[in-house]
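# Commentary on secondary and tertiary structure
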Amino acid sequence: MHPLTGLRVLELGSGTALPYLAKLLVDAGAEVVKVESPMGDRYRRSTSSGHQVPAGEDGAWFRFLNAGKSSMVLDLEQPADHDRLVGLVADAHLVLDDHRPVDAHRLNIAPGDLRAMNAGAVVATLTPFGADGPWADRPATDFTLQALTGSTDARGTPGEEPYAVGGELGAFVAASMAAPTVVVMALAARATGVGAVLDISQFEAMMHGFQVYRRTYDEFAPEYRPGRQIEIPSVEPALDGQAGFTAVTGQQWSDFCAMVGAPELAEDEGLVSFDGRMARRDEVWAKIRSFTRTKTVDELVELATAFRIPTGPVGTGDKIADFDHFVERGVYVESAHGFRQPRPAYQFGESTLAPFRPAPALGSGDGFEASGFDAAPSLAGADPAVGPLAGVKILDLSAFLAGPVCTNHLRVLGAEVIKVESHIRLDGMRWASGLSGPDISPRLWEWSPAYHGANAGKSVINLDLGTERGRTIVEQLMGWADVVVENFSPRVFENWGFGWEHLQALNPNAILVRMPAYGTTGPWRDRVGFAMTMEQVSGLANRTGHPDHDPLLPKGAVDFISGSHAAFAIGLALAERERTGRAQLVEVPLIEGALQASAEQAIEWSAYGTVVSRIGNRSTTGYQSCVPAAGDDEWLAISVETDRQWQALAALVGADTGLDWAGIDWAGGGDAVWRVIDAVVTTWSSNLPARQGAAVLTKLGVPAAACLHYNDSGYASQLEWREFYEWHEHPITGWTPYQRMPVWVDGAHRPLGGRAPTLGEHTDEILRDVVGLSGAAIEQLWADGVTGDWPAGFPKPGATEENS
């Protein structure tokens with residue numbers, strides 16, 4: 001038995017996003033029937049490396065995304081095949097679909113149609129903008145969605161072409177962020193017999209993963225409009241390759257400067273921020289690289305690790321799987337087709353995941369197997385008024401972003417979340433705003449948009465975990481919890497005396513989820529790492545930027561990918577606890593979520609011996625580019641995938657419509673054709689504002705978008721129409737917009753549960769009502785500094801020297 005054994009899933013999708021979502025379910029044991037058109041999934045015949053797939057075979061990337069599924073061919077234009085689909089839907093617990101809304105309605109497979117075929121099933125659609133709203137049928141690709149989020153415009157050098165993230169990272173963000181709601185709602189429906197319609201917007205998911213709550217930034221400090229930049233330090237040259245560094249906090253920057261022998265950089269107030277370093281980049285790079293070029297990658301990583309600076313070797317497809325840490329931990333495994341691929345991003349202490357099986361040949365299946373329908377797993381006790389996780393208690397010991405994103409998913413699904421923080425050492429995300437000003441500086445820790453965004457609706461208690469009494473209270477909260485989530489380095493968590501065996505002794509019914517950067521074992525176990533570090537190590541940076549320049553960072557999507565995988569795994573662990581009566585340890589390292597999103601590189605190398613690297617803003621499947629628009633440093637993103645789109649673009653700009661679009665080898669030899677097309681398109685685009693150019697192209701069915709500034713991305717009419725923002729009045733920041741999860745459930749976003757808490761806001765309430773302390777005992781904890789509501793060492797207005 002596997003966690004989802006018996007769950008029947010019908011997949012009506014192709015490409016990356018929906019197949020990866022279905023892959024997550026396959027890995028957990030679900031039976032997935034993939035319905036394909038007579039042409040088949042478009043990835044059956046394509047590779048990002050340009051390798052020609054032999055006749056009768058399928059591409060390795062398709063096989064990774066679709067292993068373990070069965071395939072049925074149905075032409076839904078034909079009544080007989082549509083009738084067969086009705087029968088499949090009637091047999092399914094969960095239906096996944098990625099048809100554009102206009103096509104779904106034409107084919108009579110819109111969500112309402114599918115739900116009418118099986119009222120007990122959960123129907124989940126994953127589309128670029130959601131199934132409703134003014135942009136529902138707007139043509140889009142991962143590339144143009146990145147432009148709309150503001151991500152593309154933020155990456156690179158001011159005055160020069162900005163760069164999107166290479167590959168389809170947005171697809172992984174969307175699938176990952178959808179997965180917790182999809183699996184929990186499907187399990188709840190098995191218990192209640194009542195299905196639901198889930199409407200997933202990739203754009204909304206990418207508004208989380210590709211920019212850090214910029215609408216909140218714009219509300220807090222509209223004058224703060226950071227320019228296009230490259231993080232410094234980031235990917236730096238070594239004697240024998242490249243090493244990655246992350247210096248997000250002031251301490252990390254100071255330590256890095258000391259490490260490279262340039263302490264004067266840390267003493268320069270103009271270089272405290274990324275913006276300041278970018279403005280003086282040549283000066284700063286010269287000092288950094290005069291040091292890094294004298295060391296090997298291994299020497300730099302060892303030295304930075306000693307300084308507790310997040311670091312790692314820069315991964316590429318030919319090297320990633322052979323990094324010693326991944327080898328020792330068995331992260332890369334052999335697929336049923338012989339190439340190496342990353343294992344699932346989470347591992348259970350008790351439950352087993354499904355074995356790897358081959359991907360199906362086109363049309364080789366014939367529907368669901370006869371057994372297992374009534375044996376499907378479920379989550380009982382769901383309260384529709386509160387959410388499918390009503391009654392589930394979460395103790396959140398995590399900090400920064402990936403862990404809080406995980407528990408934020410659970411809060412939105414109805415769980416109660418208590419977050420433990422410390423007034424001695426604040427959650428680092430509270431300091432990571434980059435903002436200042438007379439209203440902000442006195443309580444800077446309450447003005448972090450990222451903290452607000454990832455912690456809405458949670459209760460918070462402040463404890464000094466350096467004290468025995470603080471740790472004792474945490475142990476009492478562990479006894480209260482159904483799930484404990486933490487993302488400290490293993491050294492820190494275990495030095496406190498916490499761990500799986502200890503939790504089992506305190507509360508045998510509690511699930512422990514550990515989310516350290518690199519896992520709890522292996523030679524890198526005690527290294528610290530942020531999302532940007534994972535992007536460097538995993539190869540995601542290797543796909544991003546100009547081929548002749550250093551890799552650029554996606555800037556944080558990994559936190560949302562890994563945090564969402566952890567929430568998905570928790571949903572499975574809760575169902576397993578219900579089935580077996582046992583809790584278990586779950587491990588979801590930050591790096592292993594990143595390795596899912598970068599998997600194509602290792603797979604293409606293993607299958608074909610080709611290193612997939614960055615190609616600027618180009619695509620291996622068609623004409624794609626960021627072209628200049630009228631105005632100062634304005635850019636227009638265009639992404640053409642089909643002959644119909646090409647004909648529309650060519651007619652508009654006056655290009656040669658006689659080009660054999662289908663015959664162009666975009667992956668292996670389309671350079672000359674691309675340059676010709678790009679020159680003609682640039683002549684046209686340079687005379688129009690970017691938004692106007694995008695409007696003209698999208699009306700013709702061509703995916704296009706203005707490369708928006710971060711601060712402007714949150715005002716899209718589609719976001720307003722779908723009520724993506726939930727407003728709450730915060731006692732310090734005032735009325736604050738909070739991003740909702742990118743899923744509508746039966747026609748609306750699930751509520752967040754409230755605003756983000758202030759530092760220590762619910763301490764007394766939790767100590768009294770959950771821990772059971774008396775008022776006198778609580779007062780003593782305050783008097784002794786075990787708890788507090790003000791950062792230690794930070795001057796408190798009006799406090800005397802004795803009581804500050």
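Definitions and limits used
Residues numbered from 1 in each chain as written. Predicted model: local features only at pLDDT ≥ 70, side-chain atom pairs only at ≥ 80, totals over all residues. Heavy atoms only, no water. Helix = DSSP H or I, 4+ residues; strand = E, 2+ residues; numbered from the N terminus. Pairing = 2+ DSSP bridges. Right-handed = clockwise from strand over helix to strand, strands pointing away. Axes fitted to C-alpha atoms, helices over the stretch in contact; angles between N-to-C directions. Parallel < 35°, antiparallel > 145°, perpendicular 65-115°, else oblique. Left-handed = near helix turned anticlockwise from the far one by under 90°. Contact = heavy atoms within 4.5 Å. Nonpolar A, V, L, I, M, F, W, Y, C, P; charged D, E, K, R; others polar. 1 Å grid on protein atoms, 1.4 Å probe; cavity = no way out; pocket = protein on both sides within 12 Å on 5 of 7 lines; lining within 4 Å. Points joined across faces, edges and corners; volume = space filled by probe spheres on them.

### Description of unusual backbone geometry
The step from I232 to P233 runs through a cis peptide bond, and the omega angle for that step is 0°. Within the element layout of this structure, P233 appears in the loop between α9 (214-220) and β7 (235-238).

### So, the pairing of strand β13 (residues 393-396)
In regular strands, side chains alternate between the two faces of the sheet. Bridge analysis of β13 against strand β14 (residues 416-421) gives four bridges, and the strand direction is parallel. Within β14, the residue paired with L395 across the bridge is I418. Read from β13 through helix α16 (residues 402-412) to β14, the crossover connection turns out right-handed. In this structure, β13 lies alongside strand β16 (residues 483-486), joined through three bridges in parallel fashion. Note on β16: the bridge partner recorded for L395 is V484.

### What to know about the packing of helix α18 (residues 468-480) against helix α29 (residues 763-771)
One can describe the packing of α18 onto α29 by two numbers: an axis separation of 11 Å at closest approach and a directional angle of 55°. The orientation of α18 with respect to α29, classified from their angle, is oblique. The hand of the α18/α29 crossing is left-handed. Contact with α18, carried on its side by I473, Q476, L477 and W480, involves I766, L767, V770 and V771 of α29 and no other residues of that element. Looking at the contact of α18 with α29 residue by residue, the classes come out as seven nonpolar, one polar and no charged.

### Brief notes about the packing of helix α21 (residues 531-538) against helix α22 (residues 557-580)
Contact geometry of α21 with α22 gives a least axis separation of 7 Å together with a crossing angle of 90°. Here α21 lies roughly perpendicular to α22, going by the angle between them. Contacts between α21 and α22 involve A531, M534 and E535 from the first element and A557, V558 and D559 from the second. Classifying every residue of the contact of α21 with α22 by side-chain character gives four nonpolar, no polar and two charged.

### A word on empty space enclosed by the protein
Within this structure, the stated rule accounts for four cavities of 30 Å³ or more. Of the voids in this model, the largest cavity is the one considered here, and its volume is about 70 Å³. Lining the largest cavity are K23, V26, D27, F64, A67, G68, Q341, A354, P355, F356 and R357. Take the lining of the largest cavity: its biggest share by element is three residues, from helix α1 (residues 17-27).

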